[in-house]
Every structure is written in C-alpha cells, then in structure tokens.
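This is what each chain is made of:
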Amino acid sequence: MTTQAAGHHPKAPTRQRTLGTALFTASLASAVDQASKWAILEHVMNPPRLIEVTPFFNLTLGFNRGVSFGLLGDGTAGPWLLSGLALAIVIGLAMWARRTDSRIEAGAIGAIMGGGIGNVIDRVRQGAVTDFLDLHAFGWHWPAFNLADVAIVCGVGVLLMLSWFGKDSEDPALVEHPSPRR
C-alpha cells in the first residue's frame, strides 16, 4: 500500500523535519542569547563599564524597555504587551515553519523565533531587554543590541535572500530519491 493510499500526505515527513529544524534553531538561538546575557550581567559588566574591543565595536550595558530604538518603552504595561505580541508572532512563525518544505527556510524562521523568545524572556524576567553590543563609526553609534537581535536579523536576511534568489535547488537534502528495488 502506498503512502497516498494509506491517507498520508507525501510531504508530511519533510514538514515534520522542517518544523524540527525551526524548533531546534529557535532553542539554540534563545539559549545562546540567554547565556551571553548571563555572562555579560554576571561577569563582564560587573561593574557596568564601557569595554573597547575594536575601533568600531564596544561592549556596553543597556536595558531597552521598548521595541527597536526604545519605542513604546513608557509605562508598566509595555513589557507585557510587547511580550504578548512577540509570542503571537512566534506562534505564527512556527505555523509558517510547519508548512515549508525547505530546511534552510525553516532554520531562518527558527532563528527569528529564537531571537524573539530570547528577548521575551528578558522582558518577563526583568521588564527590559539586556543590550550590550555597540557598533560605531565616525562618532555615530548604532543603538546597542544583543545576540537575539543578531539571530532575528540573520533569519530575516536569509528569508530575503531566498525570496530574491529562489528556493528551487537550495536544499538538496530534501530531494526524495527512489529506494533501490530488491
């Protein structure tokens, strides 16, 4: 009996693998983010100070109570509202990851999910997101950020590249090969 005759969708195993890829990537991204923030808070920035790493990169300590660039950071409901919105987005991304047939796309979605989860953990635990990476050039500083933000930006970047260049042949591991007959 074939899998189609048994009522199974032929793409189901692939989709389970892509959801697994997304969840693994999300777990890894949020774990690395939280470990880095723990190290910064407990060891590197204890006491808080500016550490010049290169002529264009510093470690510094900041707490963002809002979203990008500190927007919506006023009031006590802000962290809970932003956390709820972020979790709703993570659920939507998980549904997207479940529907894709591409492990690369699923990994990118997982990176975005993991970054969102890492920042939600901060908001719930301390009411603000811990930021410590500071890029600057010619006297201009980009707002401080963290590894959750890096995961989100990298995930979005991969999704943009996939949309621009296509996904037709990007994941040869997902091509189903016929099994040899015996």
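Here's what I pulled together on the structure shown here. (Residues numbered from 1 in each chain as written. Predicted model: local features only at pLDDT ≥ 70, side-chain atom pairs only at ≥ 80, totals over all residues. Heavy atoms only, no water.)

### So, the overall build of the protein chain
Point 1. For the protein chain, the helix and strand inventory stands at 4 helices and 4 strands.
Point 2. In sequence order, the secondary structure elements of the protein chain are arranged as α-β-β-α-α-β-β-α.
Point 3. Here the protein chain holds 182 residues, and the buried ones make up 35% of them.
Point 4. For the protein chain, the proportion of contacts with a sequence separation of at least 24, taken over those separated by at least 6, is 69%.
Point 5. When the accessible surface of the protein chain is summed, it comes to about 11,500 Å², and 67% of that surface belongs to carbon and sulfur atoms. (Helix = DSSP H or I, 4+ residues; strand = E, 2+ residues; numbered from the N terminus. Buried < 20%, exposed > 50% of the residue type's maximum accessible area, 1.4 Å probe, protein only. Contact = heavy atoms within 4.5 Å. Areas by Shrake-Rupley, 256 points an atom, 1.4 Å probe, with all protein chains shown as cover.)

### A short note on the pattern of salt bridges
Point 1. Under the defined criterion, the tally for this structure stands at 3 salt bridges.
Point 2. Residue K37 pairs with D122 through a salt bridge whose shortest N-O separation is 2.7 Å. Remark: D122 occurs in helix α3 (residues 103-126) and K37 occurs in helix α1 (residues 12-44); sequence separation between them is 85 residues.
Point 3. Here D122 falls in the buried class, since its relative accessible area comes to 0%.
Point 4. Here R125 ties to D122 by a salt bridge, and the two come within 3.5 Å at their closest N and O atoms. With a gap of 3 residues between them, R125 and D122 both fall in helix α3, about one helical turn apart.
Point 5. The structure contains a network of salt bridges with shared partners spanning D33, K37, D122 and R125. (Salt bridge = Lys/Arg side-chain N within 4 Å of Asp/Glu carboxyl O.)

### Some thoughts on helix α4 (residues 147-165)
Given 3.6 residues per turn, any residue in an α-helix points the same way as the ones three and four places further on.
Point 1. Here α4 is 19 residues long and its end C-alpha atoms lie 27 Å apart, about the 27 Å a rise of 1.5 Å per residue gives.
Point 2. All of the buried residues along α4 are A148, A151, G155, L159 and L162. Burial along α4 is one-sided: seen end-on, the buried residues are contained in an arc of 65°. The exposed set on the far side of α4, more than 90 degrees from its buried face, consists of V153, W164 and F165.
Point 3. For α4, the N-terminal cap is N146; the gap from its side-chain oxygen to the backbone nitrogen of A148 is 2.9 Å. (Expected span 1.5 Å × (residues − 1). Arc of directions from axis to C-beta. Polar contact = N/O pair within 3.5 Å; in protein donor to acceptor, adjacent residues only side chain to side chain.)

### Some thoughts on the sheet that holds strand β2 (residues 57-64)
Point 1. What the 4 strands build is an open sheet, ordered β1-β2-β3-β4; its pairing is antiparallel. Each having just a single partner strand, β1 (51-54) and β4 (140-141) make up the two edges of the open sheet.
Point 2. Here β2 pairs with strand β3 (residues 129-137) via 6 bridges, running antiparallel. In the sheet register, F57 faces β3, and the bridge partner there is L135.
Point 3. Here α3 sits on the sheet and contacts β2 and β3; the angle it forms with β3, its principal contact strand, is near 125°. (Pairing = 2+ DSSP bridges. Axes fitted to C-alpha atoms, helices over the stretch in contact; angles between N-to-C directions.)

### Observations concerning a nonpolar patch on the surface
Point 1. Together, F24, L28, V32, L147 and V150 give the surface a local cluster of nonpolar side chains, amounting to about 420 Å² of exposed area.
Point 2. Residue assignment for the nonpolar patch shows that the elements contributing at least two residues are α1 and α4.
Point 3. A per-element tally of the nonpolar patch places α1 first, with 3 residues.
Point 4. Along the chain, L28 falls in helix α1. (Patch = residues over 30% accessible without salt bridge, like charges linked within 9 Å, V, L, I, M, F, W, Y side chains within 5 Å.)

### Focus: the environment of V150
Point 1. On the secondary structure map, V150 appears in helix α4.
Point 2. Classification of V150 by relative accessible area gives partly exposed; the value is 31%.
Point 3. Each C-alpha atom of the pair V150 and L133 lies 9.9 Å from the other, and the pair is 17 residues apart in sequence.
Point 4. Not counting chain neighbours up to four residues away, the residues in contact with V150 comprise L133 and F145.

### A closer look at the environment of L41
Point 1. Turning to its location among the elements, L41 is positioned in helix α1.
Point 2. With residues near it in sequence (within four places) discarded, L41 still touches N46, L61, F63, Q126 and T130.

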